[in-house]
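As a plain string of letters, each chain reads:
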Amino acid sequence: MADITSRWVKVVNGDLLIDAYLAAPAAPGCYPGVIVFQEIFGVNAHIRDVTERIAREGYVAIAPALYQRFAPQFETGYTAADIDLGRQYKNQTKADELLSDTQATIAYLKGLEAVKGDAIGTIGFCFGGHVAYLVAQLPDIKATAAFYGAGITTMTPGGGLPTLAITPKIRGTLYAFFGDRDQSIPMEQVKEIERALHHHGIRHHIFIYPADHGFFCDQRDSYDAAAAHDAWTQVMHLFETVLKEPMAPAKPSS
């Protein structure tokens, strides 16, 4: 594990300054970049920890605040009240703004000397898993790890066709992670995502664990250590083969 540095930075998107948590290997070098998309709870301690874990694996990782426009510096925990508030803010997001903010974050990464500009990936959890799938359509995204993103087959932030409709635009490799006890994502929706990825020839792998929603977060009651460990191993395989070794073949799809 590499030593890292971390700090809050500002990502410029027109007149908007987006708070973002940046973590990077301390050793000089040129590393792939990874954008970390938050749950509904903001760029909280868990998301900052994930960002730092990715940096220790040899990536420049950045977690932009997805609620910057209407709830700057928002972060919270996992109580029922926190969930209600987080959902209120999630419901104010719009797909075009999420895409724009992500593109601005990509530009920020590309402006760093330590980032290999043609090796950008994303990882997202809960709402951030949905966002990761949504922004996979951006040409710069080479690898996507989407964890239990609800609503991909039924809606898109701000309204319009379901996010699943952007599947033909994906050019990179996408790994998606689900729990078979997740009440917010029925297995039929997971199968629908798999069918769309397969139909459009997207390089992908779907992972399904005997777990509930939020199984990766060690601060939630639904945390499942075995599922989280295996999922992290798969994410590292994705990033290593696609971002660090672009010519290596991706794992076969499920």
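Once a new chain begins, its residue numbering starts again from 1 and follows that chain's sequence as written. Local features are withheld for residues below a pLDDT of 70 in this predicted model, meaning they are given only at 70 or higher, and side-chain atom pairs are given and counted only at 80 or more; totals for whole chains, interfaces and linings count all residues. Side-chain numbers come from the whole structure's heavy atoms, not from hydrogens or water.

Counting from the N terminus, the helices are the DSSP runs of H or I reaching at least four residues and the strands are the DSSP runs of E reaching at least two. Scanning the protein chain from terminus to terminus reveals six helices and eight strands. What you see in the protein chain, going N to C, is helices and strands ordered as β-β-β-α-β-α-α-β-α-β-β-α-β-α. Between the two quantities, the radius of gyration covers C-alpha atoms and the globule rule is 2.2 Å times the number of residues to the power 0.38. Taking 2.2 N^0.38 as the reference for a compact globule, 254 residues should give roughly 18 Å; the C-alpha atoms of the protein chain span a radius of gyration of 17 Å, in line with that estimate. Projected onto the principal axes, the alpha-carbon positions of the protein chain cover approximately 45 × 40 × 35 Å. When each of the 254 residues of the protein chain is scored for burial, the buried share is 57%. The contact definition used throughout considers only heavy atoms, calling two residues in contact when any of these lie within 4.5 Å. If you take every contact in the protein chain between residues at least 6 apart in sequence, the share linking residues at least 24 apart comes to 71%. Only four residue types enter the charge count: Lys and Arg as positive, Asp and Glu as negative, with His and the chain ends excluded. One atom stands in for each charge, and that atom is NZ of Lys, CZ of Arg, CG of Asp or CD of Glu. Across the protein chain, 21 positive and 28 negative side-chain charges occur, with their mean positions spaced 5 Å apart. Relative accessibility decides the category of a residue: with a 1.4 Å probe and only protein chains considered, values under 20% of the type maximum give buried, values over 50% give exposed, and everything between is partly exposed.

For the rest of this paragraph, the subject is the packing of helix H3 (residues 95-110) against helix H4 (residues 127-135). Relative orientation of the contacting elements H3 and H4 amounts to 75°, with a least axis distance of 10 Å. By the angle between their axes, H3 is roughly perpendicular relative to H4. Of the residues in H4, those in contact with Ala95, Leu98, Leu99 and Thr102 of H3 are Phe127, Val131, Leu134 and Val135. The residue classification treats Ala, Val, Leu, Ile, Met, Phe, Trp, Tyr, Cys and Pro as nonpolar and Asp, Glu, Lys and Arg as charged. All others, Gly included, are polar. Grouping the amino acids of the contact of H3 with H4 by side-chain chemistry returns seven nonpolar, one polar and no charged. Fitting a line to C-alpha atoms yields each axis, with helices limited to the stretch in contact; the angle taken between N-to-C directions then spans 0 to 180 degrees. The labels follow the angle: roughly parallel below 35 degrees, roughly antiparallel above 145, roughly perpendicular from 65 to 115, and oblique for the rest.

Attention shifts here to the pattern of salt bridges. It is possible for side chains of opposite charge to pair when their charged atoms get near one another. One speaks of a salt bridge when a side-chain nitrogen belonging to Lys or Arg is within 4 Å of a carboxyl oxygen belonging to Asp or Glu. Under the defined criterion, the tally for this structure stands at eight salt bridges. Linking glutamate 39 and arginine 220 is a salt bridge whose minimum nitrogen-to-oxygen distance equals 3.0 Å. Here glutamate 39, found in the loop between strand S3 (31-37) and helix H1 (45-56), pairs with arginine 220, found in the loop between strand S8 (204-209) and helix H6 (225-244); they are 181 residues apart in sequence, far enough to count as distant. In this structure, arginine 69 and glutamate 97 form a salt bridge, with 3.7 Å as the shortest nitrogen-oxygen distance.

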